[in-house]
Amino acid sequence: MRVTFLLHSNIRAGSSLVMFRGANALARAGHSVEIVFEERLFRKEIDFFQLAQGVTTRFVDEAAPWPLSDIVIFAWWQTAYNLHRVRARAAVFYLLGDAKPLYGSPALDLHIDLTYREPGLRYLHVNTDNAREELAEAPHPSILVQAGVDYARFASATPLLPPPPGGGLRVLVEGPPNAPHKRVEESIAALAGLPGVEIVHCSASGIAPADTRARAMSDVPERDLPGLFASCDLIAKLSKHETFALPVLECFAAGATAITTAFQGHADYIRHEENAIVVPLDDPWAEARAALLRLRDDRALLARLRQEAKRTAASLDWERFNQHFLRALENIAASAGDGQVRTPLLDRYAASMRAAVHLWVLGQTGK
């Protein structure tokens, strides 16, 4: 089986990590795998993740007589409108979460919804809420393939930082401060300054938070993340919108618990009062502060949540993902036609989508 991963760019992000893991699983099972980037925003060589032997990378505009793939798989809705740039017998949308809250544009909502209605697409989804919401009216059944965690790597990590002073709690706030839906600055403002609590921030973006009460770790190399996560008692993920929140699961594997909002898909592995504490999505601040103080003062509760969180992570190791991912794609390839897949609905509205994106970008830049 020949599989092409069509990604927007070689950006370091959780969605990229999931796709690279899938590429490795396919390659190690003996399939031919290439990763293709739509945009030249970064080099095509991947330096933050070790690809399996035989996985190749290229840009979509590199001129060559590229052979017909059995499957092209992508994870960003806008990529659906560029599938004509890669020839394949089947096209698979791996839905990692609802993109609409990231834009706030009814015009783009329409075009995003079309990607859930295209008869030429097959679907995988990362959390059970996807099937209940975005994919409720999809033309083909979607297959649940949950992301996972490199459990052994995180569970065996040596802490990167010394224990916090005075035996207090160390709380990780992760994510780019310039992504409003992550609510990084708001999270730090809500939790910093509490006695016996140290806030640590990291982000692949390298952007430090404006609130200097957080210990800014900047862009921690991928190889050092397990040690950083093992240095923390918990992660505070108080986003308004998430997909799978992989850093939370990685913190679980490293021995930390979490305070999270009830974002879409959280219930697939985050369980209130069992392995974490879940606070309201829309207005989490008072309850998040109360939960943090509770964990600071009740170390037995903290220990129990951390223990159960680690057990949860062990049940979601990447090997489980590999098996489900391979089986799903092999079944899709087996039922695909002989010629290049067609996406008539997306083709019909591609020009309209490009115009809507252009207007949205102008609106964001104030032009």
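Right above here is the structure, for reference.
Keep in mind the model is a prediction, meaning the values are calculated, not measured. (Residues numbered from 1 in each chain as written. Predicted model: local features only at pLDDT ≥ 70, side-chain atom pairs only at ≥ 80, totals over all residues. Heavy atoms only, no water.)

Trainee: I'd like a rundown of the sheet that holds strand β6 (residues 121–125), residues and numbers included.
Mentor: Taken in spatial order, the seven strands line up as β3-β2-β1-β4-β5-β6-β7 in an open sheet, and their pairing is parallel. Only two strands of the sheet have a single partner each, and these edge strands are β3 (56–59) and β7 (142–144). Strand-to-strand twist in this sheet, taken as the mean axis angle between neighbours without regard to direction, amounts to 25°. Pairing analysis gives three bridges linking strand β1 (residues 2–7) to strand β4 (residues 69–74), with the strands arranged parallel. Bridging across to β4, F5 finds its partner in I73. Helix α1 (residues 14–28) contacts β1, β2 (32–37), β4 and β5 (88–95) of the sheet and is inclined by roughly 170° relative to β1. (Pairing = 2+ DSSP bridges. Helix = DSSP H or I, 4+ residues; strand = E, 2+ residues; numbered from the N terminus. Axes fitted to C-alpha atoms, helices over the stretch in contact; angles between N-to-C directions. Contact = heavy atoms within 4.5 Å.)

Trainee: Can you lay out the pairing of β5 for me, pointing to particular residues and giving the numbers?
Mentor: Burial within β5 is extensive, with eight of its eight residues counted as buried. Relative to β5, β4 runs parallel, the two sharing five bridges. Counterpart to F74 in the pairing with β5 is F93. Relative to β6, β5 runs parallel, the two sharing five bridges. Bridging from a neighbouring strand, L95 pairs with H125 of β6. Taken together, β5, helix α2 (residues 106–115) and β6 constitute a β-α-β crossover, and its handedness is right-handed. (Buried < 20%, exposed > 50% of the residue type's maximum accessible area, 1.4 Å probe, protein only. Right-handed = clockwise from strand over helix to strand, strands pointing away.)

Trainee: Please set out the sheet that holds strand β13 (residues 277–279) residue by residue, giving values where relevant.
Mentor: The six strands are arranged β10-β9-β8-β11-β12-β13 in an open sheet whose pairing can be described as parallel. Each edge of the sheet is formed by a strand with only one pairing partner; in this case those strands are β10 (215–216) and β13. The sheet contacts of helix α5 (residues 184–191) involve β8 (169–174), β9 (197–202) and β11 (234–237), and relative to β9 the element is tilted by about 170°. Helix α8 (residues 285–297) contacts β8, β9, β11, β12 (257–261) and β13 of the sheet and is inclined by roughly 160° relative to β13.

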